Amino acid sequence: MVDKAADAQYFRVAHPIWQVLILVGLTIVTLCPFRPDLIPYQYMGPFGWFVNWLNTTYPNVVFAIFVVAFILHVGEALFAIKLCQDKMIESPAKWKWTVQTFFFGIASLGILLKYKPKKQP
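What counts, and at which threshold
Residues numbered from 1 in each chain as written. Predicted model: local features only at pLDDT ≥ 70, side-chain atom pairs only at ≥ 80, totals over all residues. Heavy atoms only, no water. Core = buried A, V, L, I, M, F, W, Y, C linked by side-chain atoms within 4.5 Å. Buried < 20%, exposed > 50% of the residue type's maximum accessible area, 1.4 Å probe, protein only. Helix = DSSP H or I, 4+ residues; strand = E, 2+ residues; numbered from the N terminus. Contact = heavy atoms within 4.5 Å. Patch = residues over 30% accessible without salt bridge, like charges linked within 9 Å, V, L, I, M, F, W, Y side chains within 5 Å. Areas by Shrake-Rupley, 256 points an atom, 1.4 Å probe, with all protein chains shown as cover. Salt bridge = Lys/Arg side-chain N within 4 Å of Asp/Glu carboxyl O. Lys, Arg positive; Asp, Glu negative; His and termini not counted. Polar contact = N/O pair within 3.5 Å; in protein donor to acceptor, adjacent residues only side chain to side chain.

Caption draft 1: Summary view of the nonpolar core. In this structure, Tyr-10, Phe-11, Ala-80, Leu-83, Cys-84, Ile-89, Ala-93, Trp-97, Leu-109, Leu-112 and Tyr-115 together form the largest nonpolar core, which totals 11 residues. For this core, the secondary-structure elements that each account for two or more residues are α4 (59–86), α5 (93–104) and α6 (106–114). When residues of this core are assigned to their parent elements, the largest contribution, 3 residues, is made by α4. Dropping the residues within four chain positions of it, Leu-112 is found in contact with Ala-80, Leu-83, Cys-84, Lys-87, Ile-89 and Trp-97. Grouped together as the second largest cluster of nonpolar side chains are 7 residues, Cys-32, Ile-39, Tyr-41 and Val-51 included.

Next up, the structure:
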């Protein structure tokens, strides 16, 4: 007998290393165009120098990177909703996948894409 309830509530958290890396990256990408004074460039080594240079030299490119990242994460979250429906994952697990995928992108979506629900008899 297949445990349909367990499949309907399937949820796995993205790996913590990916969570930290992606959140730090998204924070930098978000702060650069709007609040660059809050970024501690001096503590980020060569990467901090590069981010500061890019932000001061090409602010339009930095803003475009922010817009693209935001659109991609929204798209990934919407795709997670569709995948959950296709894989018969119900609320609240569906919304956990959506929020997690919005924040962590492919690190979360990859787990959901690999998930194969058990076949119904």
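From this point, the narrative continues.
Caption draft 2: Spotlight on a nonpolar patch on the surface. A cluster of nonpolar residues, Phe-47, Trp-49, Phe-50, Trp-53, Tyr-58, Val-61 and Ile-65, forms a patch on the protein surface that exposes about 730 Å² of accessible area. Elements with a contribution of two residues or more to the nonpolar patch: α3 (45–57) and α4. The leading source of residues in the nonpolar patch is α3, at 4 residues. Within the secondary structure layout, Tyr-58 lies in the loop between α3 and α4.

Caption draft 3: Region of the structure containing the pattern of salt bridges. In this structure the tally under the stated criterion is 2 salt bridges. When the shortest N-O distance is used, the salt bridge between Arg-35 and Asp-37 registers 3.1 Å. On the accessibility criterion, Arg-35 (41% relative accessible area) is partly exposed. For the salt bridge of Lys-82 with Asp-86, the shortest nitrogen-to-oxygen distance reads 2.8 Å. Highlighted residues: Lys-82 and Asp-86, both in helix α4, separated by 4 residues, approximately one helical turn. Judged by its relative accessible area of 42%, Lys-82 is partly exposed.

Caption draft 4: Representation of unusual backbone geometry. Put simply, Ser-91 and Pro-92 share a cis peptide bond, and its omega is 0°. At Met-88, a residue that is not glycine, the phi angle is positive and equals roughly 60°. Residue Met-88 is classed as exposed on the basis of its relative accessible area of 61%.

Caption draft 5: Main features of the side chain of Lys-87. With respect to the helices, strands and loops of the structure, Lys-87 is situated in the loop between α4 and α5. Although Lys-87 is buried, it forms no salt bridge, and the closest oppositely charged side chain is Asp-86 at an N-O distance of 8.2 Å. Side-chain polar atoms of Lys-87 contact the backbone oxygen of Leu-113, separated by 3.3 Å. When residues no more than four places from it in sequence are discounted, the contact partners of Lys-87 are Leu-112, Leu-113, Tyr-115 and Pro-117.

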